[in-house]
Amino acid sequence: MKKLSSLLVLCALVLGACGAGSNEVAATVDGTEITVGDVEALVDKPKDEEMAKDEFANFLSFNIVLDIFTRGAESDFDITFTDEEIAAEADNIVTAELQQGQTREEFLAVNEVTEQLLLQVAHQSLIERAILEQMQGEVAEPTQEEIDAFFQEASVMVCGSHILVATEAEAQDVEDRLAAGEDFATVAQEVSTDGSADSGGDLGCSDPAQYVPEFAEAIQSAEIGVPTEPVETEFGFHVILLREDELPTEEQAITSLKDQAAQLASQTWFLDTAGAAEVEVNEKFGTWQSEPTPEVIPPADETSSSTSTTTN
């Protein structure tokens, strides 16, 4: 997970915390108990509010997965982290996510989570990064055939950015601003309506075939460094900027292929480790599945999205 992005996904799902902390066992992982109180400790809500079944399952999943990966990282690779290292990673996460002028306490309060959840997100982030580094040192060098295939794929890619707006008039206004000398990335950050806005409209380098036909045709025929006229697709109106990116060197290709192999090896390790763990979930809170995604499936209940768990 991306550190805090996973935290914020969980936060967005929260309807409320359970009641008073409970020692009732929610799940066991290889014989180690995870209590209702352990789950409650992740969210910051009034004591008289309760958590819906699906939200509880999400937070319970988080606790289970962290427990599995903590044990697996230590037993398989002797990877452990001190409390000080985890706290430092939590500091880094908060520093990266804080809005201007916002304090750490305000950040946690706004997202209705506790320092405990932040520390657990930091711990999992450290484990994921360490496992990836471990795999990067173990994967084999790519073959010449793999390197040749990499360059063949790279040769058909186009690299560009776009600014997406809702109407043709807005797109024309974007064109006028760019023609007047404004920076493409700055305008994209200000007005573009899709997720690429944060990175100045950067779409990276991709095979045009992944885009809708109108967009693919426009970016392939665009003049390098010159914004296109507005291009209409089902998503709105785009102003596209094609840039000329050099093909990677063979050394860069080898690094990229090894990184891809390490990512795959890491994912395989995570899934295999989750599959090998002995997980039992209190049926009141759901059932455990290790594939395709390790998680707790909330109880099959027509009102599970609105019915809260009973924790007393």
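Small disclaimer: the values here were computed from a predicted structure and weren't measured.

Taken as a whole and assessed by the stated rule, the structure comprises nine salt bridges. In this structure, arginine 104 engages aspartate 91 in a salt bridge whose closest nitrogen and oxygen atoms are separated by 2.8 Å. With arginine 104 in helix 5 (residues 104-111) and aspartate 91 in helix 4 (residues 83-97), this pair connects stretches of sequence that are 13 residues apart. Here aspartate 91 falls in the partly exposed class, since its relative accessible area comes to 38%. Lysine 258 is the salt-bridge partner of glutamate 141, the closest N and O atoms lying 2.9 Å from each other.

This part takes up the packing of helix 8 (residues 168-179) against helix 9 (residues 184-191). Across the interface, helix 8 lies against helix 9 with an axial gap of 10 Å and an inter-helix angle of 150 degrees. When the interaxial angle is binned, helix 8 and helix 9 end up roughly antiparallel. For the crossing formed where helix 8 meets helix 9, the hand is right-handed. Counted together, Val174, Arg177 and Leu178 of helix 8 and Phe184, Val187, Glu190 and Val191 of helix 9 form the full contact between these two elements. Split into classes, the residues belonging to the contact of helix 8 with helix 9 amount to five nonpolar, no polar and two charged.

The subject of this paragraph is the state of the cysteines. All chains considered together, the criterion is met by one disulfide. Here cysteine 159 pairs with cysteine 205 through a disulfide, and the sulfurs are 2.0 Å apart. Between cysteine 159 and cysteine 205 the disulfide shows an S-S torsion of about 110 degrees. By sign, it is right-handed. With cysteine 159 in strand 3 (residues 158-165) and cysteine 205 in strand 4 (residues 202-206), this pair connects stretches of sequence that are 46 residues apart.

With that settled, the discussion passes to helix 4. Think of an α-helix as 3.6 residues a turn; residues three or four steps apart then line up on the same face. Helix length check: helix 4 (15 residues) gives 21 Å between terminal C-alpha atoms against 21 Å at 1.5 Å per residue, within 8%. Of the residues making up helix 4, those classed as buried are Ile86, Glu89, Ala90, Ile93 and Val94. Mapping the buried residues of helix 4 onto a view down its axis gives an arc of 140 degrees, with all of them on the same face. Summarising the geometry of helix 4, the exposed residues directed more than 90 degrees from the buried face are Glu84, Thr95 and Ala96.

Bringing the confidence of the model for the protein chain into the picture now. Across the protein chain, pLDDT averages 86, with 88% of residues at or above 70. For the protein chain, helix 1 (residues 4-13) is the element with the lowest average pLDDT, namely 42, and strand 7 (residues 279-281) is the one with the highest, namely 97. Contacts of residues 1-20 to residues separated by more than four positions or lying in other chains number 66 contacts, the stretch itself having pLDDT below 50. Below pLDDT 50 for its whole length, residues 303-312 participates in 27 contacts with residues either more than four positions away or in separate chains.

With twelve residues, helix 8 extends 16 Å between its outermost C-alpha atoms, agreeing within 8% with the 16 Å of an ideal straight helix rising 1.5 Å per residue. The set of residues buried in helix 8 consists of Ala171, Val174, Glu175, Arg177 and Leu178. The buried residues of helix 8 occupy an angular sector of 165 degrees when projected down its axis, which confines them to one face. Residues of helix 8 that are exposed and angled more than 90 degrees away from the buried face: Ala169 and Ala179. Taken together, the buried residues of helix 8 touch strand 3, helix 9 and strand 6 (236-243). Trailing helix 8 by a residue or two, glycine 181 shows a phi angle of about 105 degrees, which is positive.

Cut-offs used in this document
Residues numbered from 1 in each chain as written. Predicted model: local features only at pLDDT ≥ 70, side-chain atom pairs only at ≥ 80, totals over all residues. Heavy atoms only, no water. Salt bridge = Lys/Arg side-chain N within 4 Å of Asp/Glu carboxyl O. Helix = DSSP H or I, 4+ residues; strand = E, 2+ residues; numbered from the N terminus. Buried < 20%, exposed > 50% of the residue type's maximum accessible area, 1.4 Å probe, protein only. Axes fitted to C-alpha atoms, helices over the stretch in contact; angles between N-to-C directions. Parallel < 35°, antiparallel > 145°, perpendicular 65-115°, else oblique. Left-handed = near helix turned anticlockwise from the far one by under 90°. Contact = heavy atoms within 4.5 Å. Nonpolar A, V, L, I, M, F, W, Y, C, P; charged D, E, K, R; others polar. Disulfide = S-S within 2.5 Å. Expected span 1.5 Å × (residues − 1). Arc of directions from axis to C-beta. pLDDT = per-residue confidence, 0-100.

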